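What follows is the residue order along each chain.
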Amino acid sequence: MSMESVRVAFVQAAAGRLRLDHAGLAYQGRSQVLSFTGWHADGTPFALVTAPFADSPTLRARRAAQDIIQAHGAPPPASAQAPSGSPRRRIDMSQKGSGLARLMGGLKSLDASADALATRLETAMGTLQAEMTTTAQIVTNVETSVNDLRSINAQYSNGGPPLPTSGGSAGSSGA
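Report on the accompanying structure. (Residues numbered from 1 in each chain as written. Predicted model: local features only at pLDDT ≥ 70, side-chain atom pairs only at ≥ 80, totals over all residues. Heavy atoms only, no water.)

As for the sheet that holds strand β3 (residues 45–49)
1) Next: On the basis of which strands lie adjacent, the open sheet formed by three strands has the order β1-β2-β3 and antiparallel pairing. A single partner strand is all that each edge strand has here, and the edge strands are β1 (18–28) and β3. Between one strand axis and the next, the sheet turns by 10° as a mean value, whatever way the strands run.
2) Next: Here β1 runs beside strand β2 (residues 31–40); their pairing, made up of 10 bridges, is antiparallel. (Pairing = 2+ DSSP bridges. Helix = DSSP H or I, 4+ residues; strand = E, 2+ residues; numbered from the N terminus. Axes fitted to C-alpha atoms, helices over the stretch in contact; angles between N-to-C directions.)

The following block contains the structure:
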């Protein structure tokens, strides 16, 4: 028995009604436990963890696919029906399994939203950094201009009183 044969048994029993994303096998003591996650054909997520069992994992995978389909409200495909002489099958899908499927769908939605926000934030931070670099250059240019003006003022004033700032000179035009 391989996990691939468990996946194949699940997919065949689902007959195109389920898309399997994950299949796992764990042991609890001497029993086995299968877990499945994926999507119904209509886009509804599902998650199922089987009760511990001791029979064939491939048989249990087939039953799990049928249980998931039945819990979703659709009858299992005709090829996946239990033989008419078999005892009534036990459905292991619980409300907890349905809740897990809803949570999984919600988490995937939140993950996509968080990824979109992270992308927007990265873009905004890159733009902000570029604008800050431009602003820093402007501040440097203004500081350089202030220092240049101080040097020129000191050179032409010869340390005397500040020069007039209004139009014209302080003296007569000598006519």
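Notes on the pattern of salt bridges
Pairing is possible between side chains that carry opposite charge, provided their charged atoms lie close to one another.
1) Next: Under the definition given, this model contains four salt bridges.
2) Next: Measuring nitrogen to oxygen at the nearest pair gives 2.3 Å for the salt bridge that ties R63 to D55.
3) Next: By relative accessible area, which is 26% here, R63 ends up partly exposed.
4) Next: Given the relative accessible area of 33%, D55 is considered partly exposed.
5) Next: Put simply, D67 and R60 hold a salt bridge, and the shortest N to O gap is 3.8 Å. Side by side, D67 and R60 carry an identical accessibility label, which is buried. (Salt bridge = Lys/Arg side-chain N within 4 Å of Asp/Glu carboxyl O. Buried < 20%, exposed > 50% of the residue type's maximum accessible area, 1.4 Å probe, protein only.)

Focus on the packing of helix α1 (residues 3–14) against helix α2 (residues 57–71)
1) Next: Their axes nearest at 8 Å, the elements α1 and α2 cross at an angle of 35°. Pair α1 / α2 crosses with right-handed handedness. On the side of α1, the interface is formed by S5, V6, A9, F10, A13 and A14, while α2 contributes P57, T58, A61, R62, A64, A65, I68 and I69.
2) Next: Looking at the contact of α1 with α2 residue by residue, the class counts come to 11 nonpolar, two polar and one charged. (Left-handed = near helix turned anticlockwise from the far one by under 90°. Contact = heavy atoms within 4.5 Å. Nonpolar A, V, L, I, M, F, W, Y, C, P; charged D, E, K, R; others polar.)

Digging into the nonpolar core
1) Next: In this structure, F10, L18, F36 and A61 are the most contacted members of the largest nonpolar core, which totals 18 residues.
2) Next: Excluding anything up to four places from it in sequence, F10 contacts L18, L20, F36, F46, A61, A64, A65 and I68. (Core = buried A, V, L, I, M, F, W, Y, C linked by side-chain atoms within 4.5 Å.)

Considering the side chain of Q32
1) Next: If you trace the backbone, Q32 turns up in strand β2.
2) Next: For Q32, a relative accessible area of 11% puts it in the buried group.
3) Next: Only 3.5 Å separates the side chain of Q32 from the backbone oxygen of D55, close enough to count as a polar contact.
4) Next: Aside from chain neighbours lying at most four places away, what touches Q32 is L25, A26, Y27, A51, P52, F53, A54, D55 and P57. (Polar contact = N/O pair within 3.5 Å; in protein donor to acceptor, adjacent residues only side chain to side chain.)

Some points on the packing of aromatic side chains
1) Next: Under the definition given, this model contains two aromatic pairs.
2) Next: Summarising the aromatic geometry, the rings of F10 and F36 are spaced 4.5 Å apart at their centres and angled 20° between planes, so their arrangement reads as stacked. In this pair, F10 is assigned in helix α1 and F36 in strand β2, connecting sequence segments 26 residues apart.
3) Next: The exposure class assigned to F36 is buried, which follows from its relative accessible area of 1%.
4) Next: Taken together through their ring pairs, the aromatic side chains of F10, F36 and F46 make up a single cluster. (Phe/Tyr/Trp six-rings, centres within 6.5 Å; stacked < 30°, edge-to-face > 60°.)

Notes on unusual backbone geometry
1) Next: Despite not being glycine, A15 has its phi angle at roughly 50°, a positive value.
2) Next: Tracing the backbone through its elements, the reader meets A15 in the loop between α1 and β1.

Focus on the pairing of β2
1) Next: Burial analysis of β2 places eight of its 10 residues in the buried class, which makes it a mostly covered element.
2) Next: Where β1 hands over to β2, the hairpin turn is made up of two residues, of which G29 adopts a positive phi near 65°.
3) Next: Where β2 and β3 come together, five bridges link them in antiparallel fashion. Bridging from a neighbouring strand, G38 pairs with F46 of β3.
4) Next: In this antiparallel pair of consecutive strands, β2 and β3, the connection spans four residues, and G43 shows a positive phi of 100°.

From the geometry alone we can't say anything about function, so treat these as descriptive.
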